[in-house]
Amino acid sequence: MADTAMISLAGVTKVFPGSDAPAVDRLTLDVAEGEVIVLVGPSGCGKTTTLKMINRLIEPTGGRITVAGDDVTAVPAHELRRRIGYVIQQIGLFPHRTIGDNIATVPRLLGWDKRRIAARVAELIELVDLEDGMQHRYPAELSGGQRQRVGVARALAADPPVMLMDEPFGAVDPIVRARLQDEFLGLQARLHKTIVLVTHDIDEAIKMGDRVAILNVGGVLEQYDAPFRILAEPANPFVEDFLGSDRGIKRLSLISIRDVELEPGPVVAATASVAEARAAMDRYGVAWVGIGGDDGSLGWVWGDDLAAEGTLADMEPRPFRIRLSGDDSLREALDTVISTHAKVAPVFDGDRFLGVLTAEGISREIVQ
Amino acid sequence: MILSQARDAFFRWDWVFDHLDDVWDKVREHLVLTGIALGVGLAIAMVLSVIALRYRRSYGPITWVTGALYAIPSLALFAFLVPITGFSVLTAEIGLVSYTLLILIRNIVAGIDGVDPAITEAALGMGYGRRRLFFEIELPLALPVIIAGLRIAAVTTIGLVTVTALIGQGGVGFFILRGLNRFFSTEIVLGTALSVLLAVTVDVALLLLERAVTPWARRRAAA
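Nothing here was measured: the structure is a model prediction, and the numbers come from that model.

Caption draft 1: Highlighting the overall build of chain A. Scanning chain A for helices and strands turns up 14 helices and 16 strands. In terms of overall dimensions, chain A is more spread out than a globule: its C-alpha atoms have a radius of gyration of 26 Å, far above the 21 Å expected for 368 residues. Considering only C-alpha atoms, chain A reaches an extent of 85 × 50 × 35 Å along its principal axes. Looking at chain A as a whole, 40% of its 368 residues qualify as buried. At a minimum sequence separation of 6, the contacts of chain A that also span at least 24 residues come to 62%.

Caption draft 2: Molecular detail of the overall build of chain B. Regarding its fold elements, chain B presents 10 helices and 0 strands. For chain B, the succession of helices and strands along the chain, N to C, is α-α-α-α-α-α-α-α-α-α. Projected onto its principal axes, the C-alpha positions of chain B cover 75 × 50 × 20 Å. In chain B, which comprises 223 residues, the proportion classed as buried is 35%. Considering only intrachain contacts with a sequence separation of at least 6, the fraction spanning at least 24 residues in chain B is 73%.

Caption draft 3: Quick peek at the domain arrangement of chain A. All names here are of chain A. Taken domain by domain, chain A holds domain 1 (5–255) and domain 2 (258–367). For domain 1 versus domain 2, the distance between C-alpha centres works out to 43 Å. Of the residues lining the interface, 6 residues belong to domain 1; the matching set on domain 2 comes to 9 residues. Its residues placed into classes, the side of domain 1 that touches domain 2 shows 3 nonpolar, 2 polar and 1 charged.

Caption draft 4: Region of the structure containing the interface of chain A and chain B. If you look at the interface, chain A gives 21 residues, while chain B gives 18 residues. Where the side of chain A that touches chain B is concerned, the elements lending two or more residues are α2 (77–82), β6 (84–88) and α4 (105–109) of chain A. Tallying contributions element by element places α2(A) first for the side of chain A that touches chain B, with 4 residues. Classifying every residue of the side of chain A that touches chain B by side-chain character gives 10 nonpolar, 7 polar and 4 charged.

Caption draft 5: Quick look at the packing of helix α3 (residues 20–54) of chain B against helix α6 (residues 89–113) of chain B. Residue and element names in this part refer to chain B. Orientation of α3 relative to α6, taken along the N-to-C sense of each, is 45 degrees, at an axis distance of 7 Å. The orientation of α3 with respect to α6, classified from their angle, is oblique. As α3 runs across α6, the sense of the crossing is right-handed. Of the residues assigned to the contact of α3 with α6, the class counts are 21 nonpolar, 3 polar and 1 charged.

Caption draft 6: Spatial organisation of the pairing of strand β3 (residues 36–40) of chain A. Residues and elements named next belong to chain A. The element β3 is extensively covered by neighbouring structure, given that 5 of its 5 residues are classed as buried. Burial of the side chains of β3 extends over both faces: Val 36, Val 38 and Val 40 are buried on one face and Ile 37 and Leu 39 on the other. With 4 bridges connecting them, β3 and strand β9 (residues 211–216) associate as parallel partners. Counted as the bridge partner of Leu 39 is Ala 213 from β9.

Caption draft 7: Highlighting the packing of α6(B) against helix α8 (residues 130–161) of chain B. Residues and elements named next belong to chain B. Where α6 meets α8, the closest approach of the two axes is 8 Å, and the angle between their N-to-C directions is 160 degrees. For the element pair α6 / α8, the angle class is roughly antiparallel. Here the hand of the crossing between α6 and α8 comes out right-handed. Here the residues of the contact of α6 with α8 sort into 16 nonpolar, 6 polar and 2 charged.

Caption draft 8: Quick peek at the sheet that holds β9(A). Residue and element names in this part refer to chain A. Taken in spatial order, the 6 strands line up as β6-β7-β8-β3-β9-β10 in an open sheet, and their pairing is mixed. Because the sheet does not close on itself, it has two edges, and the strands there are β6 and β10 (220–225). Strand-to-strand twist across the sheet, computed as the mean angle between neighbouring axes with direction ignored, equals 15 degrees. Where β9 and β10 come together, 5 bridges link them in antiparallel fashion. The residue bridging Asn 216 from the neighbouring strand is Val 220, located in β10. Relative to β6, helix α6 (residues 144–156) is tilted by about 165 degrees, and along the sheet it contacts β6 and β7 (162–166).

Caption draft 9: Quick peek at helix α5 (residues 114–127) of chain A. Residues and elements named next belong to chain A. Here α5 is 14 residues long and its end C-alpha atoms lie 20 Å apart, about the 20 Å a rise of 1.5 Å per residue gives. Within the sequence span of α5, burial applies to Ile 117, Arg 120, Val 121, Leu 124 and Ile 125. Projected onto a plane normal to the axis of α5, the buried residues spread over an arc of 140 degrees and lie on a single side. Among the exposed residues of α5, those oriented more than 90 degrees off its buried face are Arg 115, Arg 116, Ala 119 and Glu 126.

Caption draft 10: Molecular detail of unusual backbone geometry. All names here are of chain A. A positive phi is found at Arg 26, a non-glycine position, where the angle reads about 45 degrees. Looking at the element boundaries, Arg 26 is found in strand β2 (residues 24–32). On the basis of neighbour count, Arg 26 is assigned to the partly exposed category, with 15 C-beta atoms found within 10 Å.

The rules we used
- Residues numbered from 1 in each chain as written.
- Chains lettered and ligands numbered in written order.
- Predicted model: local features only at pLDDT ≥ 70, side-chain atom pairs only at ≥ 80, totals over all residues.
- Helix = DSSP H or I, 4+ residues; strand = E, 2+ residues; numbered from the N terminus.
- Rg over C-alpha atoms; globule rule 2.2 N^0.38 Å.
- Buried ≥ 20, exposed ≤ 12 C-beta atoms within 10 Å, placed from the backbone.
- Contact = placed C-beta atoms within 7 Å.
- Domains from an automatic or database assignment.
- Nonpolar A, V, L, I, M, F, W, Y, C, P; charged D, E, K, R; others polar.
- Axes fitted to C-alpha atoms, helices over the stretch in contact; angles between N-to-C directions.
- Parallel < 35°, antiparallel > 145°, perpendicular 65-115°, else oblique.
- Left-handed = near helix turned anticlockwise from the far one by under 90°.
- Pairing = 2+ DSSP bridges.
- Expected span 1.5 Å × (residues − 1).
- Arc of directions from axis to C-beta.

See the structure below:
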C-alpha cells in the first residue's frame, strides 16, 4: 500500500495551543492514487483539521504527511497548495473577480501565459457544465449550485493530482446537492483524481467514497474501509451507532440491480393457458400476470380479468409504468416492491424484460 | 471705506467677479492642502494599519495615539507647532494629517477584518502568499469601507483647512479670516460657501470613485 499511496498520513497528531486533548491523535491512513476517500464523523472528530494538515493550512504537531511520496514540509506551503485542489463549503469565490478570473486563480499564481489560461478556463467552464459566457459574470450573479461548480472548476484549474474537499456540497439545498454529487462522481470517473472529502453526512460518505474513514472525537480512526464493508461489518459499537439503525437499507443503495440475480417473475408466454397464468400468479402471490411478447417485451393483465379457462390469446396486456434498469440500486427496487401494487420490481433493459426482484430476493443480498 | 462696504450689502457679486483670480488661487491652494493631507494621511494610515493587522496587540496603542491626536483642538495644535515649524505649509499639514489618521486607520482595519474568512481561507488554500493576499484580495474587497473612511476624512479636512488661515495658509479660509477682520460679510459668506461646495464636490467625487473601482458590488443575481 505504501508504494502506491498518493497521500499518506503516518502517526499524525495535532494538539492546538492551549488544549490538553489532541484534536487528531496519531492518525495513520493511506489514500491510493485515483481514490476518493471520505473523512466522516461527529463534530470534534478532527476531520477538517486532518484535511487542512494535508495542505498545511494547519501544521501538525507530530507525525508525517506525504503527497506523491514527498513530505509536505519539503516545499514552502504556498507552493504545495498550488499543487493541491481545495474546495470549501462556503466555496469562497472572490467576489471582486469574474468567474473566469476566479477559475484562473491558480494558473495565474503559477505564472501561466494568458492564452493558456484562457483556453483552460473555457475548457473548465464546459467541463463543469456552466453556460458559455458565464466567465464574464461576477459570483454574486450566480445561484448556489452554479457557484459550487465554479468552486470545483477553480480547484481543478491547474489539473492537480490531489483534491481536498471540505463539505463541498454543504451549502446547497438537498435536491441540488444530490445532483451535484452525481455530477461530481461522473467528473471523477473521467478525471481519476485522488480526493479526500470531509463530510458530517454518513449518506454522503457512503455515496461518494471508495473508502470511508470514520473518525471519533479526538481524531481517533475507528474504521477505514469500503462503504459496503463498513455497513456489513461495523468494527465496533461506535461505528454501528454512527451508521444509524438503517444500515441494511443503506447497503442496498450500494448494490446495483445488474449485480444480482433476477427471478423470472409471474410471467407466462402469450400462448400459455389461463391455468398456467394462475399458477404463476400464485407462485409470487400477486394479483397480476405478466405476458411476454416474442420480442422480449412484457405487458400485464389483472388476474381478475382472466377467463375461467382457455388461453391468454385475446388478452390485451398493458404496458408497465414502473421500470427499473440495471443501473438502479436495490434500494430503489425495494421501494418499488413495498410501495406499488406490483409487489415485485420488474427490471427492463430498454423494452426488453429481464426479470423481477422480490422482497425476499433483495433481503437475501444483504443477509447472506 | 471698509465699513461702508460692509454696510452696502450682505453679499456683493461684483466684488466676487472683481476678485476671480484670487478666488481661483485660494480654491487651488485649498485643494492642494487637502490633497497632501489625505495622500500623506492615507500612506501613514496604511502602514500603521498593516502593523495593526499583523501585530494585533499594536492596534490598541495605535488607536489610542491617533485618537489623542484627533482630540487635540486644532487651534491649540497649530499654536504649539508654530514656534517649531513656523507659519508654513508643513505646520498646516502636520495638523491636517494628524486629524485624518484615526478615521482612516479604523476604516482600513475594519475593511480588511470585514473580508469574509472563507475568501481568505480559499485564497490561502490555493497558494496565495501573505503579500499577494493583502494586495490582490483583501485590499480590493476592503475598498468600499476604506473609501467610506476617506470620504469622512476628506470632508473633515476640507473644513479644517480653513482654520489654517490663522497660520497664513487656509485656502478659502483666507476669505473668511479677512472678512472677519474687515467686517466684510461678502468674504465670509464666499469663503464658507466655497468650503462647503468643495466638501460636497470631493465627497461626490470619491463616491463616484468607489463605484468605479468596485463594479462587482452592484451586480446581483436576477433570481
